[in-house]
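# Tertiary structure, described
As a plain string of letters, each chain reads:
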Amino acid sequence: MKNKVIITTVIITTLLFSSTPIVANPGGNGDNDRDFTCGGSCHGDPSLSVDSDGIISIEIKEFVYAGTTTEIVVKIDEVTTSNERIVGIFLLGSINGNNDQPADYGWEIIQDENGGTSNYIEKRASINGSVHASWIIRSPTNPGTYNLFASIQHGIDPNPKGLAALGVSEKHEIEILPIPENYPSLSEDWIIPEYREIDGDGTITILTENTDNIEVNWKLSGELNSNIAEIQEIGIGEWRVFLPKTIGDSKIEFQITIFNGNFSVEQPWMEIGTENERFEGSSIGARLQALSYAIIIFGFVLSMQSWLVSTDFSDYFSKVRSKSHESENNDSQRMIFHEKYPGWLWDSVEEKWVPDIVESEIRSED
Amino acid sequence: MVGAATFHAAMVEIVIGSLTLSTICTICCIQRSFKIPLEKFQFTKKTLDTMDKAALVGAILGVLMMPGAILTGDLASVGTPEDNILLYNKFLYSGLALGFWSAYVFCRLRFGQELWENRVLSIFQILMALAAFTMTASVASIGGKLVRGESLFDILPFWIPLDQTIVISPGISMFLILIGAISIISNLRSQKMPLKTND
């Protein structure tokens, strides 16, 4: 009976300690396509959430031609976050709780703020509580009035109850107008690649419609002056654009201007990086490699120690000792004392008389 | 509720503190084998005995807390070793540090204080402590890089390649584990050699 109680206690204790000591997702949940339910269902419960103090605003043109590309900017200001300062930002077509991604209403995300194509992204707010995010989106092909919302979720500090802060913008109405005939635009089939391959020549291919020419300006992020990229037409509405490769996390910004006769349409600024060198590590690989290093080092040290203990180094040390004795003897043989000249020594190497310092010191002490 | 990151910070502080003390005391213990010429820095035998014990206790505490620090660090980390070279290196350096410090503790317990009477072994023990501390400091430096984007290693005049790593396949890792385990067992089963002291 006593053993059973002990075993049960050990099992319960082990289970308690094996549970992950983390609440919600304080380090963020990663960019992805998410419905408002992600922020609304769990955290929508008043006992699990509080209202965000952030001021959310949306900037987009009041009307957009159907099937064309435009930019939407979501600005969040004066938001109080946790120490991590991570803010999750949603771009939504509705706030019903399901099917509220922009794609559900005909919008297509070409690029999000972090270089992907997600409607939910995470960014760090500045110290003064501001965070901006932009999406390059292709409008629905059917004309009409469409709605867009922005929503945010983030931690707060102090947060003793582990609550999430939620905020939703006002409804933003956009008028989608029928596209004029021969209106130059980016092809519906084209989405900007997230990265260029590291082994490639750095070019990207752009697909357009109703276009007889394009122009591409590029600049490094943060630069004011832009440069004109070299362009090669490789087919009808198919263009190869030469953009310089980037290194590491740096990205290049570029803007496409599409021409049809004298008519031109300037697209929003987009960005692209170069793929980092492929890293083929895995979680289990890292753990196994670390364990193998620990065991190999332990075994190596034990082997070395056994070898050191079994090897006799006494010969080596005796040689070192005898060498030092030899040098001492050599020193004593070099200086020759002569009775006729007390206080002086004859240096047999330099062949000259030098004062006998030791004898001088003895005399001075006397 | 206290998160894994808080536990990790506390455990790392204990590990780094105790292992730093252990390293300093180990270096001082060289005086048991070699007389240093500067009389001012010569410790008495009693002080050296105390330093030896402090080094051992510090190392034992560090070795005991290190798995906890690794585990909480794993739980608290935002990314995974799959997409982050720094995190991957943190695992590897943790393994190296754990291996060196475990060997340090084992060797000291195996031979006792007599270890310091043998010049070769005492030099070996000190070199082991220095290697182990370098690995430990590297792990801590990677932690700083991950959380704050900078570490004290940045101001060192030499460069430690923390942003590069060597990836070996899990199969080879398991083979290395097997080789290491055989090496350890064969060493432990071999007869204990009599320790030769300076005299």
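We now turn to the structure provided with this report. Nothing here was measured: the structure is a model prediction, and the numbers come from that model.

The next subject is the overall build of chain A. Scanning chain A from N- to C-terminus turns up five helices and 24 strands. By the burial criterion, 39% of the 366 residues in chain A qualify as buried. Look at the contacts in chain A between residues 6 or more apart in sequence, and 68% of them connect residues 24 or more apart. About 21,200 Å² of surface is accessible on chain A, with carbon and sulfur atoms providing 51% of the total.

Every contact between the two is made by 38 residues of chain A and, on the other side, 53 residues of chain B. Of the roughly 4,000 Å² buried where chain A meets chain B, counting both sides, 75% is carbon and sulfur surface. Taken together, the connections running from chain A to chain B amount to one salt bridge. Applying the counting criterion to the chain A and chain B interface returns nine residue pairs in polar contact (both at pLDDT 80 or more). Of all the secondary-structure elements, those providing two or more residues to the side of chain A that touches chain B are helix 3 (283-310) and helix 4 (314-334) of chain A.

A few words on the packing of aromatic side chains. In the structure shown here, the tally under the stated rule is six aromatic pairs over all chains. Feature note: the residues Y65, Y183 and F263 of chain A constitute an aromatic cluster, connected by ring pairs.

The next subject is the sheet that holds strand 4 (residues 69-77) of chain A. Residue and element names in this part refer to chain A. With antiparallel pairing, four strands are arranged side by side in an open sheet as 2-4-8-6. Here the strands that pair on one side only, and so sit at the sheet edges, are strand 2 (55-59) and strand 6 (108-111). Neighbouring strand axes in the sheet, compared pairwise and without regard to direction, differ in orientation by 30° on average. As judged from the three bridges shared by strand 6 and strand 8 (residues 131-138), these two strands associate in the antiparallel manner.

What follows covers the sheet that holds strand 23 (residues 344-347) of chain A. Residue and element names in this part refer to chain A. The three strands lie next to each other as 22-23-24, forming an open sheet whose pairing is antiparallel. Both outer strands of the open sheet, strand 22 (335-337) and strand 24 (352-355), are each paired with one neighbouring strand and no more. The average angle at which neighbouring strand axes cross in this sheet is 40°, direction not considered. Bridge count between strand 23 and strand 24: four bridges; the pairing is antiparallel. In the strand pairing of strand 24, D347 is matched with K352.

In this section: the state of the cysteines. Within the structure shown, the criterion is met by zero disulfides over all chains. Cysteine C29 of chain B is unpaired, with the sulfur of C25 of chain B as its nearest cysteine sulfur at 6.8 Å.

All right, on to the packing of helix 3 of chain A against helix 4 (residues 119-148) of chain B then. Helix packing geometry: the angle between the two helix axes and the distance between the axes. Following both chains from N to C, one finds helix 3 of chain A and helix 4 of chain B inclined at 160°, their axes separated by 10 Å at the closest point. Comparing their axes, helix 4 of chain B and helix 3 of chain A come out roughly antiparallel. In this structure, helix 3 of chain A crosses over helix 4 of chain B, and the sense of that crossing is right-handed. Seen from helix 3 of chain A, the contacting residues are V301, M304, Q305, L308 and V309 of chain A; seen from helix 4 of chain B, they are V120, L121, F124, Q125 and M128 of chain B. Its residues placed into classes, the contact of helix 3 of chain A with helix 4 of chain B shows eight nonpolar, two polar and no charged.

So, about the nonpolar core. For soluble globular proteins, the rule of thumb is that nonpolar side chains tend to be buried together. With 50 residues, the main nonpolar core has V301 of chain A together with W101, Y104 and M128 of chain B as its most contacted residues. Contributing elements (two or more residues each) for this core: helix 3 of chain A together with helix 1 (4-28), helix 2 (45-76), helix 3 (85-111) and helix 4 of chain B. With residues up to four places along the chain from it excluded, the contact list for M128 of chain B reads V301 of chain A together with F100, A103, Y104 and C107 of chain B. Counting residues in hydrophobic clusters, the runner-up holds 26 residues, among them I56, A66, V79 and I121 of chain A.

Residue and element names in this part refer to chain B. Along its 27 residues, helix 3 runs 39 Å from first to last C-alpha, staying within 8% of the 39 Å computed at 1.5 Å per residue. Most of helix 3 sits inside the fold, with 22 of its 27 residues counted as buried. After helix 3 finishes, the residue G112 shows a positive phi value of roughly 70°.

Now for unusual backbone geometry. Residue and element names in this part refer to chain A. Here the amide bond leading from D157 into P158 is cis, since omega sits at 0°, within 30 degrees of zero. Counting through the fold element by element, P158 comes out in the loop between strand 9 (144-154) and strand 10 (164-168). Phi at E78 takes a positive value of approximately 55°, unusual for a residue other than glycine. You can see E78 is positioned in the loop between strand 4 and strand 5 (86-92). With phi around 55°, N210 is a residue other than glycine that occupies positive phi space.

Parameters at a glance
Residues numbered from 1 in each chain as written. Chains lettered and ligands numbered in written order. Predicted model: local features only at pLDDT ≥ 70, side-chain atom pairs only at ≥ 80, totals over all residues. Heavy atoms only, no water. Helix = DSSP H or I, 4+ residues; strand = E, 2+ residues; numbered from the N terminus. Buried < 20%, exposed > 50% of the residue type's maximum accessible area, 1.4 Å probe, protein only. Contact = heavy atoms within 4.5 Å. Areas by Shrake-Rupley, 256 points an atom, 1.4 Å probe, with all protein chains shown as cover. Buried area = accessible area lost by both parts, 1.4 Å probe. Salt bridge = Lys/Arg side-chain N within 4 Å of Asp/Glu carboxyl O. Polar contact = N/O pair within 3.5 Å; in protein donor to acceptor, adjacent residues only side chain to side chain. Phe/Tyr/Trp six-rings, centres within 6.5 Å; stacked < 30°, edge-to-face > 60°. Pairing = 2+ DSSP bridges. Axes fitted to C-alpha atoms, helices over the stretch in contact; angles between N-to-C directions. Disulfide = S-S within 2.5 Å. Parallel < 35°, antiparallel > 145°, perpendicular 65-115°, else oblique. Left-handed = near helix turned anticlockwise from the far one by under 90°. Nonpolar A, V, L, I, M, F, W, Y, C, P; charged D, E, K, R; others polar. Core = buried A, V, L, I, M, F, W, Y, C linked by side-chain atoms within 4.5 Å. Expected span 1.5 Å × (residues − 1).

Keep in mind that these numbers describe shape and distance, not what the molecule does.
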